[in-house]
Amino acid sequence: MLAIAGGKGGVGKTTTALRLAAAYVRRRRRPLVVDADRGMPNCHLYADTPGEYGVADVAAGTTLDASAEPAPALPGVDVLAGGDVAPDDYLDALPADRPVLVDTAAGAAADVGAALAAADACVVVTTAERDAVRNGLKSAALARALGTPVVGCAVVATAGDVRGIERAVAAPTVPIPPSSRPFDDADVDAAYDALANTLGPNP
């Protein structure tokens, strides 16, 4: 389970969760993206899924197969839509035999901490702006404080040098090029493939 985290809203966590999942599909895996953002559960909108079922159903005991929805926009990716349910109520029910990417909320609230603590590893998402990087570093520090290693960082909407951010985050860092169509861009695909490669051969 990978927690996709970043301290600032709007930096591209949801896009990263979905595009990284698509990179796993290209590695012949069947990933699940879980929307753990109670305040703004919009992952299903990005993925073009109905959002009729989701974390609330899993928390109530419905099987994952009946609750997750395949994403038409990202063939091979399943999405578990978000809702006003504490992550502690469903995280234990998530599968251990496939990549699970948990799209966390912004900031460092209890729900974010629960997702980070449950995850096997964390990927930090930021843009190159100073405030976003500062908040991303706070997310990295929180993950490590909870015993969850930070295994990668995505710097969204930049083609610049990210070595300074990589040193600060202390994890392999990949620039994600700016794009007006990030769900249909070969350069963006290549960047997320590179990020997947940094996370190990068989996530």
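The structure reproduced in this document is the subject of the present report. (Residues numbered from 1 in each chain as written. Predicted model: local features only at pLDDT ≥ 70, side-chain atom pairs only at ≥ 80, totals over all residues. Heavy atoms only, no water.)

Examining the overall build of the chain
Stated precisely, the cut-off is as follows: Only DSSP runs of H or I covering at least 4 residues are called helices, and only runs of E covering at least 2 are called strands; the numbering of each starts at the N terminus. Radius of gyration: over C-alpha atoms. The globule rule applied is 2.2 Å multiplied by the number of residues raised to the 0.38 power. Accessibility here uses a 1.4 Å probe with only protein chains present; expressed as a share of the type maximum, an area under 20% marks a residue as buried, one over 50% as exposed, and anything in between as partly exposed. Neither His nor the chain termini are counted; the positive set is Lys and Arg, and the negative set is Asp and Glu. A charged residue contributes its charge at one atom only: NZ of Lys, CZ of Arg, CG of Asp or CD of Glu.
When its secondary structure is counted, the chain shows eight helices and eight strands. At 15 Å, the chain has a C-alpha radius of gyration in line with the 17 Å of a compact globule built from 203 residues. Here the chain holds 203 residues, and 51% of them are scored as buried. Taking the 17 positively charged and 25 negatively charged side chains of the chain as two groups, their mean positions are separated by 9 Å.

Brief notes about helix H1 (residues 13-26)
The α-helix advances 3.6 residues per turn, and as a result positions three or four apart in sequence lie on the same side. We count it as follows: To estimate how far a helix should extend, the number of its residues minus one is multiplied by 1.5 Å.
Compared with an ideal rise of 1.5 Å per residue, which puts 14 residues at 20 Å, H1 spans 20 Å between its outermost C-alpha atoms and is within 8% of the ideal. Where burial is concerned, most of H1 is hidden: twelve out of the 14 residues are buried. Those residues of H1 lying buried are Lys13, Thr14, Thr15, Thr16, Ala17, Leu18, Arg19, Leu20, Ala21, Ala22, Ala23 and Tyr24. One or two residues past the end of H1 sits Arg28, with phi positive at roughly 65°.

With respect to the packing of aromatic side chains
Applicable threshold: Pairing of aromatic rings covers Phe, Tyr and Trp, the last through its six-membered ring, and needs centres within 6.5 Å; plane angles under 30 degrees mean stacked, over 60 mean edge-to-face, and all others mean tilted.
Counted by the stated rule, this structure contains one aromatic pair. Aromatic side chains Tyr46 and Phe183 sit 6.4 Å apart centroid to centroid with 50° between the ring planes, which places their arrangement in the tilted category. Taken together, the positions of Tyr46 in helix H2 (residues 43-47) and Phe183 in the loop between strand S8 (173-176) and helix H8 (186-198) put the pair 137 residues apart, joining distant regions of the chain. Phe183 gets classed as partly exposed once you look at its relative accessible area, which sits at 25%.

Digging into the packing of H1 against H8
Condition: Geometry is summarised by axes, namely lines fitted to C-alpha atoms with helices restricted to the contacting stretch, and by angles between N-to-C directions that run from 0 to 180 degrees. In this scheme, roughly parallel covers angles under 35 degrees and roughly antiparallel covers those over 145, while 65 to 115 is roughly perpendicular and the rest are oblique. The contact criterion used is simple: two residues touch if any of their non-hydrogen atoms lie within 4.5 Å. Polar here means any residue outside two lists: the nonpolar Ala, Val, Leu, Ile, Met, Phe, Trp, Tyr, Cys and Pro, and the charged Asp, Glu, Lys and Arg; Gly therefore counts as polar.
Following both chains from N to C, one finds H1 and H8 inclined at 80°, their axes separated by 9 Å at the closest point. Compared by their axis directions, H1 and H8 come out roughly perpendicular. The residues of H8 that touch H1, namely those facing Thr15, Thr16, Arg19, Leu20, Ala23, Tyr24 and Arg26, are Val188, Asp189, Tyr192, Asp193, Leu195 and Ala196. The class makeup of the residues in the contact of H1 with H8 is seven nonpolar, two polar and four charged.

Considering helix H6 (residues 130-145)
We apply this condition: As used here, the arc is the angular range of directions from the helix axis to the C-beta atoms.
Helix length check: H6 (16 residues) gives 23 Å between terminal C-alpha atoms against 22 Å at 1.5 Å per residue, within 8%. The set of residues buried in H6 consists of Ala132, Val133, Gly136, Ser139, Ala140 and Ala143. Across the axial projection of H6, the buried residues extend over an arc of 115°, all falling on one side. Opposite the packed face of H6, turned more than 90 degrees from it, sit the exposed residues Arg130, Lys138 and Ala145. Where H6 is buried, its residues contact strand S1 (2-5), helix H5 (110-118), strand S6 (121-126), strand S7 (150-156) and helix H7 (163-169). Just downstream of H6 lies Gly147, where phi reads positive at about 85°.

Quick look at the nonpolar core
The criterion, for reference: Remark: nonpolar core denotes a set of buried residues (Ala, Val, Leu, Ile, Met, Phe, Trp, Tyr, Cys) joined through side-chain atoms within 4.5 Å.
In terms of nonpolar packing, the biggest core is built from 32 residues, with Leu2, Ile4, Leu20, Val33, Val79, Ile176 and Tyr192 touching the most fellow members. The set of elements that each furnish at least two residues to this core consists of S1, H1, H2, S6, S7, S8 and H8. Ignoring sequence-local partners within four residues, the contact set of Tyr192 consists of Thr15, Thr16, Arg19, Leu20, Ala23, Val156 and Ile176. Residues Ala3, Cys122, Val124 and Val150 belong to the second largest nonpolar core, which totals 18 residues.

Quick word on the pairing of S6
The test is simple: Note: two strands are recorded as paired if DSSP finds a minimum of 2 bridges between them. A clockwise path from the first strand over the helix to the second, with the strands pointing away from the viewer, defines a right-handed crossover.
Counting buried residues in S6 gives six out of six residues, a clear majority hidden from the surface. Covered by surrounding structure in S6 are Ala121, Val123 and Val125 together with Cys122, Val124 and Thr126, the residues of both alternating faces. Bridging between S1 and S6 involves four bridges; their strand directions are parallel. Across the sheet, Ala5 pairs through a bridge with Val124, a residue of S6. In this view, the connection linking S6 to its parallel neighbour S7 by way of H6 has right-handed handedness.

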